[in-house]
Amino acid sequence: MESRLTLIVAGEASAELHGSNLVRAMKDLDSRLAFWGVGGRMMEEAGVKILVPSSDMAVVGLTEVFSRWRTILKAYFQLKSILKQVCPDLLILIDYPEFNIPLARQAKRFNVPVLYYNSPQVWAWGAGRMRKLARRVDRMAVILPFEEDYFRRRGMTVDY
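Residues numbered from 1 in each chain as written. Predicted model: local features only at pLDDT ≥ 70, side-chain atom pairs only at ≥ 80, totals over all residues. Heavy atoms only, no water.

*Asks:* What should I look at first to understand the overall build of the protein in this one?
*Replies:* Scanning the protein from N- to C-terminus turns up 6 helices and 7 strands. In the protein, the succession of helices and strands from N to C terminus is β-α-β-α-β-α-β-α-β-α-β-α-β. For 160 residues, the compact-globule estimate of 2.2 N^0.38 gives 15 Å, and the protein sits close to it at 15 Å. By principal-axis analysis of the C-alpha atoms, the protein measures approximately 40 × 40 × 30 Å. Split into buried and exposed, the 160 residues of the protein put 44% on the buried side. Contacts in the protein between residues far apart in sequence, at least 24 positions, make up 53% of those at least 6 positions apart. If you sum the accessible surface of the protein, you get close to 8600 Å²; carbon and sulfur atoms cover 52% of it. (Helix = DSSP H or I, 4+ residues; strand = E, 2+ residues; numbered from the N terminus. Rg over C-alpha atoms; globule rule 2.2 N^0.38 Å. Buried < 20%, exposed > 50% of the residue type's maximum accessible area, 1.4 Å probe, protein only. Contact = heavy atoms within 4.5 Å. Areas by Shrake-Rupley, 256 points an atom, 1.4 Å probe, with all protein chains shown as cover.)

Rendered as structure tokens:
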């Protein structure tokens, strides 16, 4: 029985709970699924092979971005290489938009479908960032009821 690879990115602690629950639910539906990605202990316990610990990438404020810049770039290029070389069956992104939206662009370049789970709060952004998200994401799974209509009105495939 051949496994199917999903790359998943939960770059911050708040996303990890959602990611671990999603991985467990998906594995219950299909035992052939394998998961690699960015996360922490909860995601590892759910069955994700952690390539980069989310604690290494979590930042609050501009000064932390500078102190972790090399780690974040290394993680980005590692995941980009996996998208190109391994070509997983799916890329799941959870929140963490500053990292995940550029990564979604790379997934599209290598024909890897993208699911954004627990979307970033784009209604607070400018229209340009929303257009980027719409071009780079194949499907949204949202956790707030009003988000479904918001994304659908902007031409995205979305489920609540």
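*Asks:* Before we go on, may I ask you to explain helix α4 (residues 97–109) in this structure?
*Replies:* Residue pairs three or four apart in sequence face the same way in an α-helix, which turns once every 3.6 residues. Here α4 contains 13 residues, and its C-alpha end-to-end distance of 18 Å stays within 8% of the 18 Å for a straight helix at 1.5 Å per residue. Of the positions making up α4, those classed as buried are P97, F99, N100, I101, L103, A104, Q106 and A107. (Expected span 1.5 Å × (residues − 1).)

*Asks:* Quick question: what am I supposed to make of the environment of N111 here?
*Replies:* Mapped onto the elements, N111 comes out in the loop between α4 and β5 (114–117). In this structure the C-alpha to C-alpha distance between N111 and D89, which are 22 residues apart in sequence, comes to 9.3 Å.

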